[in-house]
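Fold and geometry: a report
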Amino acid sequence: MALAFRLNCLVLKPRICSLFRQPYVNSSTTELKKGIKGTYIAKKIPAFKKLEANKRYSWCECGLSKKQPFCDGSHKGTEFKPIRLKFDQSKSVLLCQCKQTSNPPYCDMTHVSVMFSSLKDIFKK
Ligand code: FES
């Protein structure tokens, strides 16, 4: 299944498949595109992560981190700050990477509308 998807991406639909893999980038520049919340759209799909008990994590809110979905300090100079996470027990979570969620740091499926916006941009070309 995964191989078939990759083959399909490589041969048939590279522009469509790029919707899922790449950051949402302005087509005329290499800058990340901002979403309606003013944060940058790092990726258009959530990250499934298993977070260890009693370990601290910082979820990137601004979208500029190169270590998505976690913070690497790139938010300095912006109005955004990372959201700290720590659990008593290990937990598997779906972390937002489009940075448009209404329930940060968790995915609330808002990325689907981000993908549709990307589709509109692709078919405008
Ligand atoms: S990845 Fe942002 S809402 Fe799903």
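Residues numbered from 1 in each chain as written. Predicted model: local features only at pLDDT ≥ 70, side-chain atom pairs only at ≥ 80, totals over all residues.

For the rest of this paragraph, the subject is the overall build of the protein chain. Counting its secondary structure elements, the protein chain contains 3 helices and 4 strands. Counting from the amino terminus, helix and strand elements in the protein chain follow one another as α-α-β-β-β-β-α. Per-residue burial over the protein chain gives 25% buried out of 125 residues. Long-range pairs, those at least 24 residues apart, make up 50% of the contacts in the protein chain between residues at least 6 apart in sequence. (Helix = DSSP H or I, 4+ residues; strand = E, 2+ residues; numbered from the N terminus. Buried ≥ 20, exposed ≤ 12 C-beta atoms within 10 Å, placed from the backbone. Contact = placed C-beta atoms within 7 Å.)

It is worth spelling out helix H3 (residues 111–124) at this point. Compared with an ideal rise of 1.5 Å per residue, which puts 14 residues at 20 Å, H3 spans 20 Å between its outermost C-alpha atoms and is within 8% of the ideal. Of the positions making up H3, those classed as buried are His111, Val114 and Ser118. Down the axis of H3, the buried side of the element spans an arc of 50 degrees, and every buried residue falls inside it. Of the exposed residues in H3, those oriented more than 90 degrees away from the buried face are Val112, Phe116, Lys120, Phe123 and Lys124. (Expected span 1.5 Å × (residues − 1). Arc of directions from axis to C-beta.)

Attention now goes to unusual backbone geometry. With omega at 5 degrees, the peptide bond leading from Gln68 into Pro69 counts as cis. Structurally, the position occupied by Pro69 is in the loop between strand S2 (57–59) and strand S3 (83–85). In the segment running from Pro104 into Pro105, the intervening peptide bond is cis, with an omega of 5 degrees. In this fold, Pro105 is placed in the loop between strand S4 (91–95) and H3.

With that settled, the discussion passes to the nonpolar core. Core analysis: the largest hydrophobic core is formed by 14 residues, its most contacted members being Tyr40, Ile41 and Cys62. If we skip the residues at most four places from it in the chain, Cys62 touches Thr39, Tyr40, Ser74, His75, Thr78 and Phe80. (Core = buried A, V, L, I, M, F, W, Y, C linked by C-beta atoms within 7 Å.)

Mapped onto the secondary structure, Ser102 falls in the loop between S4 and H3. C-beta crowding within 10 Å serves as the criterion here: with 10 such atoms nearby, Ser102 is assigned to the exposed category. A sequence separation of 65 residues divides Ser102 from Lys37, and the C-alpha atoms of the two residues are 9.5 Å apart. In contact with Ser102, other than residues within four places in its own chain, are Asp108 and Thr110.

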